[in-house]
Amino acid sequence: MARRTFIAGNWKMNLGPQAADRLAMDLKAALAGQTAVDVAVAPVAVSIPGVVARLKHTGIHVAGQDLAVEASGAFTGEVAGEMLREAGCTWVIVGHSERRSLFGEDDALINRKVHAAFRAGLLPILCVGETLAQRDAGQVEQVLERQLSAGLAGLQADQLAAMTLAYEPVWAIGTGRTATPDQAQEAHAFIRGWLRKTAPAFVADQLRIQYGGSVKPANAASLLRQPDVDGALVGGASLKAADFVKIIEAAPHMAA
Ligand code: PGA
């Protein structure tokens, strides 16, 4: 079954309101009329309102990079999903490897954030992926299975089908070392097979799995051509409009 390609740009802690507006303006111009691929960008929280305003009526979605578990209260420094939704976000990245490794987020917390996203009316992009040590130790499937079963615990089938997973091998993030198309396909097929075992068939058919980790214009087409790679979560290359647009244009039905 055909899944619409979904390309998301994770701007990480880059681009304050002014620079984010310039990039949004460039994307708006370059992607006008583009409807074949679903596109989202994830600015830092303070840049979200401006980017939402700039991208109004373009069809380009805006995502948060993280969200709090709680809806409001004494949680200094946090941003609630409800606030992201009010600001105009439709998606939110959850469990990025930088949140896991630098900010101590574990699978249980990430699961609570996934539920918080749905409560707030946001669709999560849940990131999973192994470290180099785990890959070298032959633990890729074990790690993915743990991250998936804990991270997705308690979700309804229709929630699973609507959300997105991002397979991001930690060793490929920001390193310039991309997984080969075969490595990506192998992990994506494992994830889809796990979904097929644990959820109704429509979940595995519909849920989109993005690949993330040093996706660039030069490698996007070969990754996106893999049958179980339904899109990309792009970090560094999403900060330049020309590169991000080239990655979007590399989606199989765009390039055809
Ligand atoms: P990268 O980041 O494209 O810069 O490797 C990907 C990500 O962390 O989502």
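For the structure, see preceding data.
Just so it is clear, the structure is predicted and the values come from calculations on it, not from any experiment.

S.K.: What should I look at first to understand the overall build of the protein in this one?
M.R.: Along its length, the protein carries 13 helices and 8 strands. Taken over C-alpha atoms, the radius of gyration comes to 17 Å for the protein, in line with the 18 Å a tight globule of 256 residues would show. C-alpha atoms of the protein, sized along the principal axes, occupy 50 × 45 × 35 Å. When each of the 256 residues of the protein is scored for burial, the buried share is 51%. Contacts spanning at least 24 positions in sequence make up 73% of the contacts within the protein whose residues lie at least 6 apart. In the form shown here, the protein has an accessible surface area of approximately 11100 Å², with 54% of it arising from carbon and sulfur atoms. The distance from the centre of the 24 positive side-chain charges to the centre of the 25 negative ones in the protein is 4 Å.

S.K.: Which parts of the structure should I look at to understand the pairing of strand E1 (residues 6-10)?
M.R.: Put simply, side chains in a regular strand alternate between the two faces of the sheet. Burial analysis of E1 places 5 of its 5 residues in the buried class, which makes it a mostly covered element. Of the two faces of E1, the one holding Phe6, Ala8 and Asn10 and the one holding Ile7 and Gly9 are both buried throughout. Sheet analysis places E1 next to strand E2 (residues 38-42), joined by 5 bridges and oriented parallel. Note that in E2 the partner of Ala8 across the bridge is Ala40. Sheet topology note: the E1/strand E8 (residues 231-234) ladder contains 4 bridges and is parallel.

S.K.: Explain the site of the ligand to me, please; I cannot follow it from the model alone.
M.R.: As a matter of local geometry, the ligand sits amid 13 residues, with Lys12, His96, Glu168, Gly174 and Ser214 nearest to it. One nitrogen or oxygen atom from the main chain of Gly235 is found 2.8 Å from an oxygen atom belonging to the ligand. Between the ligand and Gly236, the relevant distance is 2.8 Å, taken from an oxygen atom to a main-chain nitrogen or oxygen of the residue. Here the residues of the shell around the ligand sort into 4 nonpolar, 7 polar and 2 charged.

S.K.: Help me out: how do you make sense of the layout of surface pockets in this one?
M.R.: In this approach the atoms are scanned with a rolling probe the size of a water molecule, which exposes any empty space left behind. Of the volumes computed, that of the largest pocket is approximately 560 Å³. What lines the largest pocket is a set of 23 residues, among which Met13, Val44, Gln65, Asp66 and Arg99 lie closest to the centre. Ranked by the residues each element gives to the lining of the largest pocket, the list is headed by helix H4 (residues 97-102), at 3 residues. Taken together, the residues of the lining of the largest pocket break down into 13 nonpolar, 5 polar and 5 charged. As a volume, the second largest pocket reaches approximately 180 Å³. Every residue lining the second largest pocket is counted, 17 residues in all, and those nearest its centre are Arg100, Gly129, Thr131, Gln147 and Val170. Going through the elements one at a time, H4, strand E5 (123-128) and helix H7 (140-151) are the ones with two or more residues in the lining of the second largest pocket. In terms of residue class, the lining of the second largest pocket is built from 4 nonpolar, 7 polar and 6 charged.

S.K.: Help me understand the environment of Asn219 in this model?
M.R.: Within the secondary structure, Asn219 is located in helix H11 (residues 217-224). Expressed as a C-alpha distance, the spacing of Asn219 and Arg100, which sit 119 residues apart in the sequence, is 26 Å. With sequence-adjacent residues up to four places away left out, Asn219 is seen in contact with Thr178 and Ser214.

What counts and how
Residues numbered from 1 in each chain as written. Predicted model: local features only at pLDDT ≥ 70, side-chain atom pairs only at ≥ 80, totals over all residues. Heavy atoms only, no water. Helix = DSSP H or I, 4+ residues; strand = E, 2+ residues; numbered from the N terminus. Rg over C-alpha atoms; globule rule 2.2 N^0.38 Å. Buried < 20%, exposed > 50% of the residue type's maximum accessible area, 1.4 Å probe, protein only. Contact = heavy atoms within 4.5 Å. Areas by Shrake-Rupley, 256 points an atom, 1.4 Å probe, with all protein chains shown as cover. Lys, Arg positive; Asp, Glu negative; His and termini not counted. Charge placed at Lys NZ, Arg CZ, Asp CG, Glu CD. Pairing = 2+ DSSP bridges. Near = heavy atom within 4 Å. Polar contact = N/O pair within 3.5 Å; in protein donor to acceptor, adjacent residues only side chain to side chain. Nonpolar A, V, L, I, M, F, W, Y, C, P; charged D, E, K, R; others polar. 1 Å grid on protein atoms, 1.4 Å probe; cavity = no way out; pocket = protein on both sides within 12 Å on 5 of 7 lines; lining within 4 Å. Points joined across faces, edges and corners; volume = space filled by probe spheres on them.

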